[in-house]
Amino acid sequence: MHFFSFIRARAEREPAEFQQWYLASYGPRLQDKSPNMRGHCVNVCVAGPVELKNPHDSVEPLDRYDIVAESWFDSVAEYRDSVEGELARELDAAADVQNRYLVSDTVVIDRRRPTPPRVEGYKMIREILFFDDLPDAAAKRQWTHHGELALTVHVGVTHYVQHWVEQVLSPGTPPVRGISELFVPTKDDLVNRYYDSPRGRAEITHDTGHFIQHQLPRVYSHEHVLKA
């Protein structure tokens with residue numbers, strides 16, 4: 001089972017210091033505490049390129065995440081055990097947002113090739129709120145259709161996964177039903193080949209307007225695999 005945690009440091013914590021603490025200290029200790037963890041990935045959030053700025057993106061400094069953690073367990077109970085207890089209270093004291101989800105994964109693009117280490121590439125992750133009046137089946141159908149468009153437009157993307165949210169695991173979390181994940185190997189790919197053309201960018205924007213009501217802060221990140 002695949003789990004996501006979208007995490008933001010409290011205002012009194014410097015984001016870069018929090019990220020280093022999570023990556024070098026908290027994440028490894030979380031693994032030690034959780035012997036049943038099958039995989040663990042820490043995505044460290046970075047600033048995105050101005051070339052891909054969306055007019056609808058917020059400029060508020062609090063509309064961000066600092067870490068997106070991914071982990072794999074055999075059960076929800078095992079995952080819950082990993083995010084509870086004394087170690088979890090340490091994270092609670094350092095972070096004021098922790099949106100947690102159980103997801104299922106659909107690979108849309110997989111054209112990975114010999115590239116620099118993934119930590120040098122850019123992984124884009126975003127929580128998606130579909131229109132309230134769209135039943136799950138209709139939202140999945142339209143998202144699948146969007147994936148077919150992405151195959152031809154996102155020419156620089158080497159990996160694209162649509163994560164359907166099977167269960168929201170944190171209180172007060174918005175009604176997110178999907179999480180998108182796209183990977184590009186280099187900044188040049190991100191800036192110049194995320195879209196094939198201005199026309200392609202317009203097609204993507206137009207298409208998502210049919211089924212996406214709102215998107216939470218877009219994450220640009222470098223991926224650190226702590227446990228493969």
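Given the structure is predicted, the values throughout are model-derived calculations rather than measurements.

1. Notes on the pairing of strand β7 (residues 178-184)
Working note: regular strand, side chains alternate between the two faces of the sheet. Counting buried residues along β7, seven of its seven residues qualify, which places the element largely inside the surrounding structure. Because side chains alternate across β7, one face comprises the buried residues Gly178, Ser180, Leu182 and Val184, and the other comprises Ile179, Glu181 and Phe183, equally buried. Alignment of strand β5 (residues 122-130) against β7, held across seven bridges, turns out to be antiparallel. Paired with Met124 across the two strands is Leu182, which belongs to β7. Pairing between strand β6 (residues 159-168) and β7: six bridges, direction antiparallel. Its bridge partner being in β7, Tyr160 is matched across the sheet by Leu182.

2. Describing the layout of surface pockets
Here the second largest pocket defines a volume of roughly 280 Å³. The wall of the second largest pocket is formed by 20 residues, among which Glu70, Trp72, His159, Glu181 and Glu223 lie closest to the centre. Of all elements in the fold, only β2 (39-46), β3 (67-72), β4 (95-110), β6 and β9 (219-227) reach the threshold of two or more residues within the lining of the second largest pocket.

3. A closer look at empty space enclosed by the protein
A probe matching the size of a water molecule, rolled over the atoms, marks out where space remains unfilled. Applying the stated rule across the entire model yields one cavity of 30 Å³ or more. In this structure, the largest cavity occupies an estimated 120 Å³ of space. If you trace the largest cavity, you find 18 residues lining it, with Ser5, Tyr22, Leu30, Tyr79 and Val83 closest to the centre. Elements represented by at least two residues in the lining of the largest cavity include exactly β1 (2-9), α1 (15-33), β3, α2 (76-82) and β4. Per element, the largest residue contribution to the lining of the largest cavity is four residues, and it comes from β1. Tallied by class, the residues present in the lining of the largest cavity amount to eleven nonpolar, five polar and two charged.

4. Some points on the pairing of β5
In terms of residue burial, β5 counts as a mostly covered element, since nine of its nine residues are buried. The alternating pattern of β5 places Tyr122, Met124, Arg126, Ile128 and Phe130 and Lys123, Ile125, Glu127 and Leu129 on opposite faces, both of which are buried. Bridge analysis of β5 against strand β8 (residues 212-215) gives three bridges, and the strand direction is antiparallel. When the bridges of β8 are listed, Ile128 appears paired with Gln215.

Definitions and limits used
- Residues numbered from 1 in each chain as written.
- Predicted model: local features only at pLDDT ≥ 70, side-chain atom pairs only at ≥ 80, totals over all residues.
- Heavy atoms only, no water.
- Buried < 20%, exposed > 50% of the residue type's maximum accessible area, 1.4 Å probe, protein only.
- Helix = DSSP H or I, 4+ residues; strand = E, 2+ residues; numbered from the N terminus.
- Pairing = 2+ DSSP bridges.
- 1 Å grid on protein atoms, 1.4 Å probe; cavity = no way out; pocket = protein on both sides within 12 Å on 5 of 7 lines; lining within 4 Å.
- Points joined across faces, edges and corners; volume = space filled by probe spheres on them.
- Nonpolar A, V, L, I, M, F, W, Y, C, P; charged D, E, K, R; others polar.

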